[in-house]
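What follows is the residue order along each chain.
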Amino acid sequence: MFFFLPLVFGCPTRLKPEGDQTPRVCPKCHNASTIRVKSRLWFELCFVPLIPMKSEHLWLCTICQWSVPLQQGWEPALPGYGFQPGVQAQWQAPPYTQISPPPNAAQRGYSPAYPAASQKPT
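Described below are features of the structure shown in this document. Everything numeric here is computed off the predicted structure, so don't read it as measured data.

1. Focus: the overall build of the protein chain
Of the regular secondary structure elements, the protein chain holds zero helices and six strands. Going from the N terminus to the C terminus, the protein chain shows its helices and strands as β-β-β-β-β-β. Sequence separation of 24 or more characterises 48% of the internal contacts of the protein chain that already satisfy a separation of 6 or more. For the protein chain, the accessible area works out to roughly 11,000 Å², and carbon and sulfur atoms hold 60% of it.

2. Comments concerning the environment of Lys54
Inspection of the secondary structure puts Lys54 in strand S5 (residues 48–61). Taking the C-alpha atoms as reference points, Lys54 and Ser39, separated by 15 residues in sequence, lie 8.1 Å from one another. What Lys54 contacts, discounting residues up to four positions off in sequence, is Ser39, Arg40 and Leu41.

3. Structural notes on a nonpolar patch on the surface
Together, Leu5, Leu7, Phe9, Leu45, Val48, Leu50, Ile51 and Met53 line one region of the surface with nonpolar side chains, adding up to about 830 Å² of accessible area. Per element, the largest residue contribution to the nonpolar patch is four residues, and it comes from S5. In this structure Phe9 comes out as exposed when scored by relative accessible area, which is 60%.

4. What about the pairing of strand S4 (residues 32–45)?
Note: strand S1 (residues 9–10) against S4, two bridges, orientation antiparallel. Looking across to S4, one finds that Gly10 is bridged to Glu44. As paired elements, strand S2 (residues 13–17) and S4 share five bridges and run antiparallel to each other. Bridging across to S4, Leu15 finds its partner in Ser39. In this structure, strand S3 (residues 24–25) lies alongside S4, joined through two bridges in antiparallel fashion. Within S4, the residue paired with Val25 across the bridge is Ala32. Between S3 and S4, which pair antiparallel one after the other, the connecting turn spans six residues, and His30 there sits at a positive phi close to 65°. The pairing of S4 with S5 spans 12 bridges and is classified as antiparallel. Across the sheet, Trp42 pairs through a bridge with Pro52, a residue of S5. Hairpin connection from S4 to S5: two residues lie between these consecutive antiparallel strands, with Cys46 at a positive phi of about 55°.

Each value, and the rule that gives it
- Per chain, residues are indexed from 1 in the order of the written sequence.
- Only residues with pLDDT of at least 70 get local features here, since the model is predicted, and only at 80 or more are side-chain atom pairs given and counted; chain-wide, interface and lining totals rely on the full set of residues.
- With hydrogens and water stripped out, all remaining heavy atoms of the structure feed into the side-chain values.
- Secondary structure elements are defined from DSSP: runs of H or I of at least 4 residues count as helices, runs of E of at least 2 residues count as strands, and each element is numbered from the N terminus.
- By the convention used here, residues are in contact when the closest approach between their heavy atoms is within 4.5 Å.
- The Shrake-Rupley method, run with a 1.4 Å probe sphere, supplies the accessible areas, and residue values consider only the shown protein chains as cover.
- A patch consists of residues whose relative accessible area exceeds 30% and which take part in no salt bridge; residues with like charges are grouped when within 9 Å of each other, and nonpolar side chains (Val, Leu, Ile, Met, Phe, Trp, Tyr) when within 5 Å.
- For this analysis, a salt bridge means a side-chain nitrogen from Lys or Arg found within 4 Å of a carboxyl oxygen belonging to Asp or Glu.
- For every residue, the accessible area (1.4 Å probe, protein chains only) is compared with the maximum for its type, and the residue is labelled buried under 20%, exposed over 50%, or partly exposed between those bounds.
- Here the rule is simple: two strands pair whenever DSSP picks up at least two bridges between them.

Rendered as structure tokens:
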């Protein structure tokens, strides 16, 4: 008698957050959703991770899936909301322009011909 036992194997990548989980600004989608993760490639047999094959540290955007390896001296910007230390900000009014009314502004819109309230329907 012959038994067929399927063996399922693969090499999926697992991501694990590491370090300070303060969100950073993604250079691609400009959302404050970039975090530091450790990426590890595993050899799996029957969905059980057995052997770690490759490991690297990344910056990963959780929205657009942009990722870049950690580099010495570079990290995505913190969300600053336009604040720059040491710079005195002054409020400026947005530029407004005079808008002319549309050409049909003097015409009345749709007005149905309702019977006057004093008239009674017959």
